[in-house]
Amino acid sequence: MSRTSTLTSTLLLFMLGTLSTLGCERESTPSATIGGISFVQDFDGERRVVRIELSPLQPAECMRAALPVPGSVTWKEFLLEASLHADLISAVFDQQRVAAYEADTSRAETNDRICAPRNGEPLNPDCIDVEVCEARSGGEYCYRPEANLATDSNAWRFVLHPDFEAPVSPESRELIDSFLLAHDACWSGEGQLENGGTFPG
């Protein structure tokens, strides 16, 4: 298996396991997030998730919850404007942009390796991996400033820590901003519909 195939498989598994917990706690992934294109980002105290289908006729699904995510959350559905949906699909599958997403994902992995505690060395104060996160918080809940996006064939990870060098690429920043815009449209749009999806406890 090629390095790219291995990375894709690993990141898809990471994404599915991380949708419910970008922080240090571990929970199950809701079935509502499997398939389609799924985006998740943790903020300081809040998680946002949005899922879209390839067809513009299918509604987007989104959720917003406080961190740590409770055992059950409400998912909402909203039909995105065709132009917004088209922009998202274009950004995700534009091969001229994919290289930037892959480079940012590789840099995120490199940061993990740098951050991993080794030979009793003191923890790097700029590290954001799970072990460091747990060590800083004394085992209490903490979050990782990251965004993750997964399709059926790709998964990308973007480190958003303010001290992380270098910041994500302009292409990745635009992708993230576009999905946050879609989340906002879904979450605050008129006629939104609760679909009853939950995070199993």
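No experiment lies behind these values; they were computed from the predicted model shown. (Residues numbered from 1 in each chain as written. Predicted model: local features only at pLDDT ≥ 70, side-chain atom pairs only at ≥ 80, totals over all residues. Heavy atoms only, no water.)

Asker: I'd like a rundown of helix α5 (residues 170–188), residues and numbers included.
Answerer: Residues separated by three or four positions in an α-helix point in the same direction, a consequence of the helix having 3.6 residues per turn. Helix length check: α5 (19 residues) gives 27 Å between terminal C-alpha atoms against 27 Å at 1.5 Å per residue, within 8%. Within α5, the full set of buried residues consists of Ser 172, Leu 175, Ile 176, Phe 179, Leu 180, Ala 182, His 183, Cys 186 and Trp 187. On an axial view of α5, the arc spanned by its buried residues comes to 160 degrees, and they lie on one face. Of the exposed residues in α5, those oriented more than 90 degrees away from the buried face are Pro 170 and Leu 181. (Helix = DSSP H or I, 4+ residues; strand = E, 2+ residues; numbered from the N terminus. Expected span 1.5 Å × (residues − 1). Buried < 20%, exposed > 50% of the residue type's maximum accessible area, 1.4 Å probe, protein only. Arc of directions from axis to C-beta.)

Asker: A description of the pairing of strand β1 (residues 37–43) should follow, citing residues and the corresponding values.
Answerer: Within β1, six of the seven residues are buried, leaving the element largely enclosed by the surrounding structure. Here β1 pairs with strand β2 (residues 46–52) via seven bridges, running antiparallel. Each bridged residue has a counterpart across the sheet, and for Phe 43 the counterpart in β2 is Glu 46. Hairpin connection of β1 to β2: two residues between the antiparallel strands, including Gly 45 at a positive phi of 100 degrees. (Pairing = 2+ DSSP bridges.)

Asker: Which residues make up helix α2 (residues 82–93), and what values do they have?
Answerer: Given a rise of 1.5 Å per residue, twelve residues ought to cover 16 Å, and the 17 Å separating the end C-alpha atoms of α2 matches this to within 8%. All of the buried residues along α2 are Leu 84, His 85, Leu 88, Ile 89, Ala 91 and Val 92. End-on view of α2: buried residues confined to an arc of 165 degrees, all on one side of the axis. Facing away from the buried side of α2, by more than 90 degrees, are the exposed residues Ala 82 and Asp 87.

Asker: Explain the pairing of strand β4 (residues 75–78) to me, and be specific about the residues and the numbers.
Answerer: Within a regular beta strand, the side chains point alternately toward one face of the sheet and then the other, so they alternate between its two faces. Neither face of β4 is open: one carries Trp 75 and Glu 77, the other Lys 76 and Phe 78, and all of them are buried. Relative to β4, strand β3 (residues 60–66) runs antiparallel, the two being bridged by four bridges. By the bridge assignment for β4, Cys 62 is matched with Lys 76.

Asker: With reference to specific residues and values, describe the state of the cysteines.
Answerer: Enumeration over the complete set of coordinates arrives at one disulfide. Each disulfide pairs two cysteine sulfurs, and for Cys 62 the partner residue is Cys 186, the sulfurs being separated by 2.1 Å. On the S-S bond that ties Cys 62 to Cys 186, the torsion sits near -85 degrees, and the link is left-handed. Taken as a pair, Cys 62 in strand β3 and Cys 186 in helix α5 lie far apart in primary sequence, 124 residues in all. Accessibility classification places Cys 62 together with Cys 186 in one group, the buried group. (Disulfide = S-S within 2.5 Å.)

Asker: With reference to specific residues and values, describe the pattern of salt bridges.
Answerer: For the structure on display, the rule yields nine salt bridges. Residue Arg 173 is joined to Asp 177 by a salt bridge in which the shortest nitrogen-to-oxygen separation is 3.0 Å. Of this pair, Arg 173 and Asp 177 are both found in helix α5, four residues apart, which corresponds to roughly one turn of the helix. Residue class for Arg 173 comes out partly exposed when judged on its relative accessible area of 31%. Take Asp 177: its relative accessible area is 40%, and that puts it in the partly exposed class. Connected through shared salt-bridge partners, Glu 46, Arg 48 and Arg 64 make up one network. (Salt bridge = Lys/Arg side-chain N within 4 Å of Asp/Glu carboxyl O.)

Asker: Break down the packing of aromatic side chains for me, with residues and values.
Answerer: Inspection of the entire model under this criterion finds three aromatic pairs. When the ring of Phe 39 is compared with that of Phe 179, the centres are 5.4 Å apart and the planes differ by 20 degrees; the resulting orientation is stacked. Taken together, the residues Phe 39 in strand β1 and Phe 179 in helix α5 connect sequence positions 140 residues apart. With relative accessibility at 0%, the residue Phe 179 sits in the buried group. Judged by centre distance (6.2 Å) and plane angle (85 degrees), the rings of Tyr 101 and Phe 158 are edge-to-face. Residue Tyr 101 is located in helix α3 (residues 95–115), and its partner Phe 158 is located in strand β6 (residues 155–159); the two are separated by 57 residues in the primary sequence. Comparing Tyr 101 with Phe 158 shows no difference in burial state: the two are buried. Within the aromatic cluster, the residues linked to one another by ring pairs are Tyr 101, Trp 156 and Phe 158. The ring centre of Phe 43 lies 4.4 Å from the NZ or CZ of Arg 48, which sits over that ring. (Phe/Tyr/Trp six-rings, centres within 6.5 Å; stacked < 30°, edge-to-face > 60°. Lys NZ or Arg CZ within 6 Å of the ring centre and 35° of its normal.)

Purely geometric numbers; function is a separate question.
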